[in-house]
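Residue-level structural notes
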Amino acid sequence: MTTPDESVHARLDRLRRDRGLLTPAELLDLAERGVAVLDPFSVIVSRRVEIGPDNVLHPGVVIECDERSHCSIGPGNVLYGGTRIAATDGGRVTVGARSLIGDGGTRILAGAHESIEIGDEVRLTDGAEVLGHSLLGHGSQILGPVSARSVELAPGLPYTYPDPDGRGGVLKGIGRVSGVLVGTGEVLGDYEPGRQRLYHPEAPRLGPGPTLERLTAEHAGRVLAFERDNRGFFADSVPDRRNEYFTPDGFADRHRALLAEQAEGRCHFHVVLNSYGRIVGRVNLVDVADGSAELGYRVAEADTGQGVGRAAVEQVLRLAAGAYGLSSLTAVSSPDNEASRALLVRTGFTEAGERSVDGKKVIVYHRAL
Ligand SMILES: CC(C)(COP(=O)(O)OP(=O)(O)OC[C@H]1O[C@@H](n2cnc3c(N)ncnc32)[C@H](O)[C@@H]1OP(=O)(O)O)[C@@H](O)C(=O)NCCC(=O)NCCS
């Protein structure tokens, strides 16, 4: 026997299936991959859309893709209500990772022979519209009711980066633009091109990345993604974290605890950002006491061997000697961690004996500041 409620659900499911759309139950099942669909009845997603993990879909999000088209959404994006993404008649839409799309409504529409590519940590808000054959580089932004057709916004650091000269291209204002290229650190607003710095004259000049940012609550999602992506790589050289660390709740607890320790001055934690604003490493000073602290670091597997570790350690050395008022640092490395030992020597550390950590021999390094 069916209840009236069941028959409503069954009818809704049939309507959606007939149109190639995921049913509300299937949308909820996306939670198994970390995709949070906050109201599955108001969210419309075509079966053909590829959705990466850890996306958040607010009520009223629509993502359509017909059988001739392609649409993929990377990990960790937040799609706010009023977002409509559509790839139709052979169009192609690719959205990268950790973008904020649609606060206040956004449309991304690719039709026949059109391809819209949106990089990582892009922000599209307040009625922005992307059409035609467009390329929105990492960290770029469209702010306001701008209808942008066939535009290219150069990649850069995301809007959270303090130096506007390093941020991705920005389109802002009201109206239509077509066929424009906006460079890194530039803004095209109300048809006048200019430097973003004009809007932020007091902003620091930090130059190109990698750069350090002191750990904050806002980094939580990106740090978890960084740790998850590189878990196997890190476990080869440092003790693996427990499974609980990689769950949203377990990670949130740990992150809060780290920030509490930092607030007490016992540690200084940092994320390392590359020139596109992606977290490529972490570098930390722990056990701060008597003018000294212990250095720790890790770099994403894909970004090793390119000087990221060295740049990060050199920057944290400057912070340690300056803002943190320390006079020496220690570090430890297992004897067979060639990369870590090379990094320590390259940044001025010298061997200062051995000790045992969890029953394993490690080499102790020391550096005066
Ligand atoms: C150790 C680690 C941070 C190095 O980061 P990185 O960004 O690759 O380091 P860099 O590219 O800045 O290289 C620093 C130095 O190490 C050397 N190096 C890098 N990888 C090396 C390797 N596998 N073998 C030998 N030397 C290596 C580089 O040549 C460079 O020296 P140079 O400037 O004299 O040429 C990274 O490999 C990592 O995160 N490993 C896993 C976690 C880990 O081991 N953390 C440290 C725990 S003690």
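Residues numbered from 1 in each chain as written. Predicted model: local features only at pLDDT ≥ 70, side-chain atom pairs only at ≥ 80, totals over all residues. Heavy atoms only, no water.

**Focus: the domain arrangement of the protein chain**
Parsing the protein chain into structural domains produces domain 1 (4-199) and domain 2 (211-368). Summed over both sides, the interface of domain 1 with domain 2 buries roughly 880 Å², with 49% coming from carbon and sulfur. A salt bridge links glutamate 121 to arginine 222; the nearest nitrogen and oxygen atoms lie 3.2 Å apart. At the surface where domain 1 touches domain 2, the tally comes to three residue pairs in polar contact (both at pLDDT 80 or more). Residue composition of the side of domain 1 that touches domain 2, by class: five nonpolar, three polar and four charged. (Domains from an automatic or database assignment. Buried area = accessible area lost by both parts, 1.4 Å probe. Salt bridge = Lys/Arg side-chain N within 4 Å of Asp/Glu carboxyl O. Polar contact = N/O pair within 3.5 Å; in protein donor to acceptor, adjacent residues only side chain to side chain. Nonpolar A, V, L, I, M, F, W, Y, C, P; charged D, E, K, R; others polar.)

**Some thoughts on the packing of helix α3 (residues 220-229) against helix α5 (residues 248-263)**
At a minimum axis separation of 11 Å, α3 and α5 run at an interaxial angle of 115°. Considering the relative orientation of α3 and α5, their crossing is right-handed. Touching Ala220, Val223, Leu224 and Arg228 of α3 are Pro248, Phe251 and His255, all from α5. (Axes fitted to C-alpha atoms, helices over the stretch in contact; angles between N-to-C directions. Helix = DSSP H or I, 4+ residues; strand = E, 2+ residues; numbered from the N terminus. Left-handed = near helix turned anticlockwise from the far one by under 90°. Contact = heavy atoms within 4.5 Å.)

**Some thoughts on the packing of aromatic side chains**
Tallied over the entire structure, the rule returns four aromatic pairs. Ring centres of phenylalanine 226 and phenylalanine 234 lie 5.5 Å apart, and the angle between their planes is 50°; on these two criteria the pair is classed as tilted. Judged by its relative accessible area of 5%, phenylalanine 226 is buried. Geometrically, the ring pair formed by phenylalanine 233 and phenylalanine 234 is tilted, given 5.7 Å between the ring centres and 45° between the ring planes. Given a relative accessible area of 6%, phenylalanine 234 falls into the buried group. (Phe/Tyr/Trp six-rings, centres within 6.5 Å; stacked < 30°, edge-to-face > 60°. Buried < 20%, exposed > 50% of the residue type's maximum accessible area, 1.4 Å probe, protein only.)

**Quick notes on the site of the ligand**
The full set close to the ligand counts 22 residues, and Val299, Gly305, Gly307, Asn337 and Arg346 are the nearest of them. In the model, an oxygen atom of the ligand is placed 2.7 Å from a nitrogen or oxygen of the glycine 305 main chain. Here asparagine 337 contributes a side-chain N or O atom positioned 2.7 Å from an oxygen atom of the ligand. Protein burial of the ligand: of its 930 Å² of free accessible surface, 72% is covered by the chains. A per-element tally of the shell around the ligand places helix α7 (residues 338-346) first, with six residues. (Near = heavy atom within 4 Å. Areas by Shrake-Rupley, 256 points an atom, 1.4 Å probe, with all protein chains shown as cover.)

**Remarks on the nonpolar core**
If you look at the biggest cluster of nonpolar residues, it comprises 39 residues, and the most contacted ones within it are Leu57, Ile63, Leu124, Ile142 and Leu171. Elements with a minimum of two residues in this core: β5 (62-65), β6 (70-73), β8 (83-87), β9 (92-95), β11 (106-110), β12 (115-118), β14 (128-131) and β17 (146-149). When neighbours within four sequence positions are excluded, leucine 124 is seen to be in contact with Leu100, Ile101, Gly102, Asp103, Thr106, Ile108, Ile118, Val130, Leu136 and Ile142. Membership of the second largest hydrophobic core comes to 23 residues, among which are Val283, Leu317, Tyr324 and Leu329. (Core = buried A, V, L, I, M, F, W, Y, C linked by side-chain atoms within 4.5 Å.)

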